[in-house]
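Observations on the three-dimensional arrangement
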Amino acid sequence: MTKTPLQFRHNGRDVALFVDGGVNLLVALRELIGDMTPKFGCGQGGCGACSVLIDGELHLSCLTLAETVNGRSIETLDGMKDGPNLHPLQRAFMEQFAAQCGYCTPGMLMAAKALLDRNPSPTRADVIEAISGNICRCTGYEPIINAVLAAATSGRARA
Amino acid sequence: MAKHRGRGIASINYPIGMNLGGDPSQALVHSNPSGKFTVSLSSIDLGQGMKSVTRQICAETLGVPVEDVYVDTADSDTGPHCMGSFASRGTHRVGNAVMAAAKEARGVMMEAAAEELEVNAADLDTDGRGNIHVKGAPHRSISTKDVAIAAQFKQGKTISGRGIFLVPLSEVNPETGEMSPATCYAHACLVAEVEVDDETGEVAMMRMDSAYELGRALNPRLVEQQLVGGAWMGISHALFETPEPYYPDPAHGPRDFVEYLMPGPGDICPHDIAVLERPAADGPFGAKGPGEMCANPVLPAVANAIFNAVGVRMDELPITPEKVLRAIKAQGGARPQARR
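Just so it is clear, the structure is predicted and the values come from calculations on it, not from any experiment.

Procedures and definitions
- One numbering rule holds for all chains: residues counted from 1, following each sequence as written.
- Going through the entries in the order they are written, you letter the chains from A and number the ligands from 1.
- Only residues with pLDDT of at least 70 are given local features in this predicted model, and only at 80 or more are side-chain atom pairs given and counted; all residues enter the totals for whole chains, interfaces and linings.
- Throughout the structure description, domain borders are defined by an automatic or database domain assignment.
- Here, residue contact means that the backbone-derived C-beta atoms of the two residues sit within 7 Å.
- For this classification, the nonpolar set comprises Ala, Val, Leu, Ile, Met, Phe, Trp, Tyr, Cys and Pro, the charged set comprises Asp, Glu, Lys and Arg, and every other residue, Gly included, is treated as polar.
- Whether two strands pair comes down to DSSP finding at least two bridges between them.
- Counting from the N terminus, the helices are the DSSP runs of H or I reaching at least four residues and the strands are the DSSP runs of E reaching at least two.
- Axis definition: a line fit to C-alpha positions, over the contact stretch in the case of helices; interaxial angles, taken between N-to-C directions, run 0 to 180 degrees.

**Re the domain arrangement of chain B**
Residues and elements named next belong to chain B. You can read the domains of chain B as domain 1 (3–15 + 185–330) and domain 2 (20–165). Taking the mean C-alpha position of each, domain 1 and domain 2 sit 39 Å from one another. Taken together, the 14 residues of domain 1 in the interface contact 15 residues of domain 2. Partitioned by chemical class, the residues of the side of domain 1 that touches domain 2 number seven nonpolar, five polar and two charged.

Right, dumping it as structure tokens:
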């Protein structure tokens, strides 16, 4: 099969690879680049576990053809922390006990980051809407909502 | 057509562990020459906090800082045997096994320290910060690290311990069928408040207030996390989830997350939780376990709240809008019950 050359920015680093036609971004990230932070959940856009940011916008990598991100910038959970320093969202998730099994956590964090990047002072309703495409089986959502609100507050305190 | 508020209550007992084969779990504890301890388990932590709680239990029993304990649950082929992470048994069964193993390891550690300090082991105590000292004479002390080094390289001792917890098998009374499946029970009571739309049959959760009695809460934040998340699962079982087809043809069964419905972050409600602690006589530091019982009271409380709101008795789960609507129609309209 003919492979398509593909270049994009992955967490601030340029990557170049060859992909088969029809390969989705989730597979490209996990199997070709080795970034295991986006998770495979349902493969049909129903759970949000594979969420990534493409040019700052929240996307489901399982439903995104890898070829369509040529020249664009991809952010995943792998690039969220700054060196040894956790992102305020990651700290808030820990402090609020917002993860149990952890499988939804990467997608939740990306959905939350997409929200805070465009709205640093969200209401509770804003947070609920922002994570409503992400399924969590363990936490009951309450600690996740509280964590995102806490991260927004701490972000404003630093600014 | 209107929305009706209703309130329902439910109380439950929940057995910790089971009776089958004595429900055993084993644990091994050993130190390495740096004075850090490893707990070996086959008991799997799938997010419920097994590693955190067994780490606390081991550190407390050994008398060392919690930072000095590592819990390894790597492999059920090579680790000591465990029945598994189910039946709300982890904290109680595995915790007891870890406690027994840590107790034995502590005995060896104190003997090794006694040899180094040239005193009787019975006169020694731990300070919980990584030192062992003569009772009443804190200056006569040795660090657990130095004890571990001496045991390993000088005395030729392994600072280690084995633990198992096994419940006495309860025979079934052939006359009555009576038996004791568990050695202790956790208890809960929950009040649910719902709003039922008699035009659509939809049930909205408005509020929950609950009290859980689960022995001693060894890690209060993990307990709270379990109770909050478990109550969500209770709502899900009460109102949303089913693997069965909504219509007789199995082809109408749910196939994916679009059809297998669960409450989203917009479907939850405020939930006030009170944790009551009545230490269990046979629990590790009195703990029972919040495991599965956290979801159970929600289902009957919601069913009772729906009866209180519109007067229909729902006895099949999940209580979908269609079932509620059919029941309301069958009785000729909503009949709100008295509020108490």
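More follows now that the structure is in view.
**Some points on the sheet that holds strand β7 (residues 137–143) of chain B**
By way of backbone hydrogen bonds, the strands of a sheet pair with one another, either parallel or antiparallel. Residues and elements named next belong to chain B. The antiparallel open sheet is built from three strands, whose spatial order is β5-β6-β7. Each edge of the sheet is formed by a strand with only one pairing partner; in this case those strands are β5 (124–126) and β7. In this sheet, neighbouring strand axes are inclined to one another by 35 degrees on average, regardless of whether the strands run parallel or antiparallel. Strand direction decides the pairing type here: strand β6 (residues 131–134) and β7, joined by four bridges, are antiparallel. Counterpart to Val 134 in the pairing with β7 is Ala 137. Sheet strands touched by helix α2 (residues 90–117): β5, β6 and β7. Its angle to β7, the strand with the most contacts, is close to 110 degrees. Along the sheet, helix α3 (residues 144–155) makes contact with β6 and β7, crossing β7 at roughly 50 degrees.

**Points about the environment of A:Gln96**
All names here are of chain A. Checked against the element boundaries, Gln 96 lands in the loop between α2 (88–95) and α3 (105–118). Along the backbone, Gln 96 and Gly 107 are eleven residues apart, and their C-alpha atoms lie at a distance of 17 Å. Excluding its chain neighbours within four sequence positions, the residues that come into contact with Gln 96 are Pro 143, Asn 146, Ala 147 and Ala 150.

**A look at the pairing of strand β9 (residues 185–197) of chain B**
Residue and element names in this part refer to chain B. With 13 bridges connecting them, strand β1 (residues 3–15) and β9 associate as antiparallel partners. Among the inter-strand pairings, Ile 12 is bridged to a residue of β9, identified as Ala 188. The sheet contact formed by β9 and strand β10 (residues 203–213) spans ten bridges and is antiparallel. Looking across to β10, one finds that His 187 is bridged to Glu 213. The antiparallel hairpin formed by β9 and β10 contains five residues in its connecting segment, where Gly 201 sits at a positive phi of about 80 degrees.

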